[in-house]
Amino acid sequence: MRTLILLFVLLLLPTFAVGNTFKFIFSTDNPKDSLHVKALQKFSELSRKYSDGEISIEVFHKGNKTNPSFGGEEENIKMVMSYDFYKISPIDGTVVAAESLAFKAPIIEFMLLPFIFPSFKSAKKLFASDFIMKYVNFQLKTKHRTKIVSWLIGGYRHLTNSKKMVSKIQDIAGLKIRTPRNYIIKEAYEAFGASVKILDWDDVAKSLKNETIDGQENPFNVFFHSDILKYRQKYLTKTKAFLWIGAIAMNARKFENMPIKLQDIIVKAGRETAQIQWDWIEKENSQLEKLLREKRVKISELEDREKWIQASRKIYDDSYKLIGYGDRDLGEDLVKTVVDLVK
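Reading the values: rules and limits
Residues numbered from 1 in each chain as written. Predicted model: local features only at pLDDT ≥ 70, side-chain atom pairs only at ≥ 80, totals over all residues. Heavy atoms only, no water. Helix = DSSP H or I, 4+ residues; strand = E, 2+ residues; numbered from the N terminus. Rg over C-alpha atoms; globule rule 2.2 N^0.38 Å. Buried < 20%, exposed > 50% of the residue type's maximum accessible area, 1.4 Å probe, protein only. Contact = heavy atoms within 4.5 Å. Areas by Shrake-Rupley, 256 points an atom, 1.4 Å probe, with all protein chains shown as cover. Lys, Arg positive; Asp, Glu negative; His and termini not counted. Charge placed at Lys NZ, Arg CZ, Asp CG, Glu CD. Pairing = 2+ DSSP bridges. Right-handed = clockwise from strand over helix to strand, strands pointing away. Polar contact = N/O pair within 3.5 Å; in protein donor to acceptor, adjacent residues only side chain to side chain. Salt bridge = Lys/Arg side-chain N within 4 Å of Asp/Glu carboxyl O. Expected span 1.5 Å × (residues − 1). Phe/Tyr/Trp six-rings, centres within 6.5 Å; stacked < 30°, edge-to-face > 60°. Lys NZ or Arg CZ within 6 Å of the ring centre and 35° of its normal.

Draft legend 1. Focus on the overall build of the protein. A count of helical and extended segments in the protein gives 14 helices and nine strands. Compactness check: the protein gives a C-alpha radius of gyration of 20 Å against a globular reference of 20 Å for 343 residues, within 12% of the reference. Dimensions of the protein along its principal axes, counting C-alpha atoms only, are 65 × 45 × 35 Å. The 343 residues of the protein split such that 56% are buried. Pairs at least 24 residues apart make up 73% of the contacts formed inside the protein by residues separated by at least 6 positions. Summing over all exposed atoms, the protein offers an accessible surface of approximately 15500 Å²; the carbon and sulfur share of this is 52%. Of the side chains in the protein, 55 bear a positive and 43 a negative charge, and the two mean positions are spaced by 3 Å.

Below is the structure:
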């Protein structure tokens, strides 16, 4: 009942609350130590600082009793995108992972193609390019009413499981692995030889506890700061097939309703937040790997990476039409542009 009352009250609140202060609510279904929350808190801090208090951003997140998350990741981005349709939305922005954003915006699927990012450095190069900042962001604004404030990088997604060490492609056979609701990630793990079970993130810990799945894949940060570590996830493989990509996103119309001066401040705060987050996560992941080893998690590398790469190549051809919104040639050209940029 309390949540319903809170939602009703917030629906009645205008984006612009008191005087000249522009008030926004950003929500994420992740805990306080997650990169999602830390990025939003830094973004809020910088926005307030550079606007001399004219921009006020409240961060709602999982585990926050005063300001709890409004829903899961997919629900949050749907609410952000819905404002133009319904004229109301309880939230103005969120941090959304690429796989959840791609669920509504297929162009983002290229970020999820296996092994498309050869290094963390190559990803930073891509997300500073005009291709992303102008072309992709423009498509998201015009097609999906979403303003991308900045792109975040959370490190490579690593495979964990409770059964055995996985260092060769044949080792994954028989393992029941959870993937998010994303066609490309699901198809990739099936191509590798796993038995895939698609689950919402909220169901992963329970499924590991009940042993209906053997493992999952996520960056060090998500793995370490969630509950799943305690459910016999003794083995971790640094597959480096996928890089966790996320975005600080807000409703485009609400962004454009602000004065140009404040729009520029939002962009500046987002750009600086991304740079801080990129630097922070590299150090964080290095430290977390050490802590996981101390917790006796057995960490391995792929011994036959080329076999994993070849096993997933067909997924590129099968994804071009999806990425191009039904236009296969457009999707293929887009992916080729990305491949050239990250070389």
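Draft legend 2. Molecular detail of the pairing of strand β6 (residues 195-198). Sheet analysis places strand β5 (residues 176-179) next to β6, joined by four bridges and oriented parallel. From the neighbouring strand, I177 faces β6, where its bridge partner is V196. Following the chain from β5 across helix α7 (residues 183-192) to the adjacent parallel β6, one finds a crossover that is right-handed.

Draft legend 3. Looking closely at the side chain of H144. Positionally, H144 belongs in helix α6 (residues 130-144). Polar contacts involving the side chain of H144 include one to the main-chain carbonyl oxygen of K104, which spans 3.4 Å. Those residues in contact with H144, other than ones at most four positions away along the chain, are M81, K104, A105, P106, Q139 and Y325.

Draft legend 4. The pattern of salt bridges, seen in detail. Following the criterion strictly, the structure yields 23 salt bridges and no others. The residue E289 makes a salt bridge to R293 at a minimum N-O spacing of 2.9 Å. Taken as a pair, E289 and R293 lie in helix α11 (residues 260-294) at a separation of four residues, close to a single helical turn. Overall, the relative accessible area of 15% leaves E289 in the buried class. Classification of R293 as partly exposed rests on a relative accessible area of 44%.

Draft legend 5. Inspection of helix α2 (residues 35-50) at higher detail. Between the first and last C-alpha of α2 there are 22 Å, a value that for 16 residues agrees with the 22 Å anticipated at 1.5 Å per step. By the burial criterion, the buried members of α2 are L35, H36, V37, A39, L40, F43, S44, L46 and S47. Looking one or two residues beyond α2, the residue adopting positive phi is D52, at roughly 55°.

Draft legend 6. Here's a closer look at the packing of aromatic side chains. Counted by the stated rule, this structure contains 10 aromatic pairs. Here the aromatic rings of F26 and F43 are separated by 5.7 Å at their centres, their planes lie at 65°, and the arrangement is edge-to-face. Here F26 is found in strand β1 (residues 22-28), whereas its partner F43 is found in helix α2, with 17 residues between them in sequence. Judged by relative accessible area, which is 0%, F26 ranks as buried. Classification of F43 as buried rests on a relative accessible area of 0%. Grouped by ring-pair contacts, the aromatic residues F115, Y189, F192, F242 and W308 constitute a single cluster. Residue placement shows K143 over the ring face of Y325; its charged tip is 5.1 Å from the ring centre. A cation over an aromatic ring shows up here: R313 above the ring of Y316, its NZ or CZ 4.9 Å from the ring centre.

Draft legend 7. Summary view of the side chain of T273. Of note, T273 is situated in helix α11. One polar contact links the side chain of T273 to the main-chain amide nitrogen of F43, over a distance of 3.5 Å. A polar side-chain atom of T273 sits 2.7 Å from the main-chain carbonyl oxygen of A269. In contact with T273, not counting residues within four places along its chain, are A39, K42, F43, L46 and I248.

Interpretation note: all reported values are geometric properties and have no functional meaning in isolation.
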